[in-house]
Amino acid sequence: MAALRAVLGGRGGGGVPVPPPSLCRGASAWGVLQRLGQWCWGGEVAAAWAQWLRRLRLRRKNAYFGLTRERYGDNLAAAAFTLSCGGGVRFKDQDLWVRGRWRPELLQLRDVPVVAVDLSGSQLTYDGLDNLVQLRELQHLDLSGCPHVDDWALGRLHVFQGSLLELAVARCPRVTERGLATLHHLQNLQRLDVSGVAVPSPGLVRILLEEMLPRCQVLGMEMDGGPPPSEGSPPP
């Protein structure tokens, strides 16, 4: 247990695990190696368990709200999932966003389409999108700062090609130019925020996005050299 506490940060401040003092006291070299091997093995087991628990929690956060969908329909199921992730939704013809915990009065909106979803900064994954893909009138989707949204997740957004007007994937560390290329289906898109998405040659990627989505305003990925000089101004 002392070794496990050391691995988990109970000893050796600064985040670096330190073997217990008794490891080397009164022991032969072979005994020290045996104990050190046991201590390191215990640390690997603890790290593996911690990683397994993180993955389990992530899967649970992105669980499919199938029972809610069967009872209350696609829109309330999507709303319930979004609220459980700490996000917000807006229903059609409603000015205010719904945020916080699920409230029974939301059942009155059972037949009202969800038109906007804010999952920015959430733990949304590819699997979590199962709760959203049935939204037929979704117009606004904010996935900014989602650490687990990747190119595969962007590839699923084609289901919104008939309705989506605004999309934000700013500061998503797992999104690349390959995922952005899959957005060509969203021809009704009017606003796309890709600020902070790390891609090679961001200026070129922005030009390609503007050509791919001619009616869309692309935010972020400015040209490397800044805006072009105005007509008649001398070159730098």
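Refer to the structure presented above.
Residues numbered from 1 in each chain as written. Predicted model: local features only at pLDDT ≥ 70, side-chain atom pairs only at ≥ 80, totals over all residues. Heavy atoms only, no water.

### Overview of the overall build of the chain
Alright, step 1. Along its length, the chain carries 7 helices and 7 strands.
Alright, step 2. In the chain, which comprises 236 residues, the share counted as buried stands at 36%.
Alright, step 3. Residue pairs at least 24 apart in sequence account for 61% of intrachain contacts in the chain once pairs closer than 6 positions are excluded.
Alright, step 4. By element, 55% of the accessible surface of the chain is carried by carbon and sulfur atoms, the whole surface being about 14,100 Å². (Helix = DSSP H or I, 4+ residues; strand = E, 2+ residues; numbered from the N terminus. Buried < 20%, exposed > 50% of the residue type's maximum accessible area, 1.4 Å probe, protein only. Contact = heavy atoms within 4.5 Å. Areas by Shrake-Rupley, 256 points an atom, 1.4 Å probe, with all protein chains shown as cover.)

### Quick look at unusual backbone geometry
Across the chain, the bulk of peptide bonds are trans and the bulk of non-glycine residues have phi less than zero.
Alright, step 1. Even without glycine at this site, aspartate 93 takes up a positive phi of about 65°.
Alright, step 2. Note that aspartate 93 resides in the loop between β1 (88–91) and β2 (98–99).
Alright, step 3. Despite not being glycine, arginine 171 has its phi angle at roughly 60°, a positive value.
Alright, step 4. Turning to its location among the elements, arginine 171 is positioned in the loop between β5 (166–168) and α6 (177–181).

### Notes on helix α4 (residues 74–84)
Alright, step 1. Of all 11 residues in α4, 9 are buried, a share of seventy percent or more.
Alright, step 2. Along α4, the positions that sit buried rather than exposed are Asn75, Leu76, Ala77, Ala78, Ala79, Ala80, Phe81, Thr82 and Leu83.
Alright, step 3. Positive phi shows up at glycine 86, right after α4, with a value of about 85°.

### A short note on the side chain of threonine 125
Alright, step 1. In this structure, threonine 125 sits in the loop between β3 (114–118) and β4 (140–142).
Alright, step 2. Those residues in contact with threonine 125 that lie beyond four places of it in its chain are Leu58, Asn62 and His148.

### Some remarks on the pattern of salt bridges
Alright, step 1. One pass over the structure, following the stated rule, counts 6 salt bridges.
Alright, step 2. In this structure, lysine 92 engages glutamate 137 in a salt bridge whose closest nitrogen and oxygen atoms are separated by 3.3 Å. Taken together, the residues span a long stretch of sequence, with lysine 92 in the loop between β1 and β2 and glutamate 137 in the loop between β3 and β4 at a distance of 45 residues.
Alright, step 3. Residue lysine 92 is classed as partly exposed on the basis of its relative accessible area, which comes to 36%.
Alright, step 4. Classification of glutamate 137 by relative accessible area gives partly exposed; the value is 33%. (Salt bridge = Lys/Arg side-chain N within 4 Å of Asp/Glu carboxyl O.)

### Observations concerning the packing of aromatic side chains
Alright, step 1. Applying the stated criterion across every chain, the model contains 1 aromatic pair.
Alright, step 2. Ring centres of phenylalanine 65 and phenylalanine 81 lie 5.9 Å apart, and the angle between their planes is 80°; this geometry places the pair in the edge-to-face category. With phenylalanine 65 in the loop between α2 (29–61) and α3 (66–72) and phenylalanine 81 in helix α4, the pair connects residues that are 16 residues apart, well separated along the chain.
Alright, step 3. Positioned over the ring face of tyrosine 126 is arginine 156, at 4.7 Å from the centre of the ring. (Phe/Tyr/Trp six-rings, centres within 6.5 Å; stacked < 30°, edge-to-face > 60°. Lys NZ or Arg CZ within 6 Å of the ring centre and 35° of its normal.)

### Describing the state of the cysteines
Alright, step 1. One pass over the structure, following the stated rule, counts 0 disulfides.
Alright, step 2. No disulfide involves cysteine 85; its sulfur sits 8.9 Å from that of cysteine 146, the nearest cysteine. (Disulfide = S-S within 2.5 Å.)

### Describing the pairing of β3
Every other side chain in a regular strand lies on the same face of the sheet, so the side chains alternate between the two faces.
Alright, step 1. Of all 5 residues that make up β3, 5 are buried, and the element is covered over most of its length.
Alright, step 2. Strand direction decides the pairing type here: β1 and β3, joined by 4 bridges, are antiparallel. Its bridge partner lying in β3, valine 89 is registered against valine 117.
Alright, step 3. The sheet contact formed by β3 and β4 spans 3 bridges and is parallel. (Pairing = 2+ DSSP bridges.)

### Focus: the environment of tryptophan 152
Alright, step 1. Tracing the sequence through the fold places tryptophan 152 in helix α5 (residues 151–155).
Alright, step 2. Taking relative accessible area as the criterion, tryptophan 152 reaches 68% and is therefore assigned exposed.
Alright, step 3. Taking the C-alpha atoms as reference points, tryptophan 152 and tyrosine 126, 26 residues apart in sequence, are found 6.9 Å from one another.

### Describing empty space enclosed by the protein
Alright, step 1. Taken as a whole, this structure holds 1 cavity of 30 Å³ or more when the rule is applied.
Alright, step 2. Tyr64, Phe65, Arg69, Asp74, Ala77, Asp130, Asn131, Leu132 and Gln134 are the residues that line the largest cavity.
Alright, step 3. Its residues assigned to classes, the lining of the largest cavity comprises 4 nonpolar, 2 polar and 3 charged. (1 Å grid on protein atoms, 1.4 Å probe; cavity = no way out; pocket = protein on both sides within 12 Å on 5 of 7 lines; lining within 4 Å. Points joined across faces, edges and corners; volume = space filled by probe spheres on them. Nonpolar A, V, L, I, M, F, W, Y, C, P; charged D, E, K, R; others polar.)

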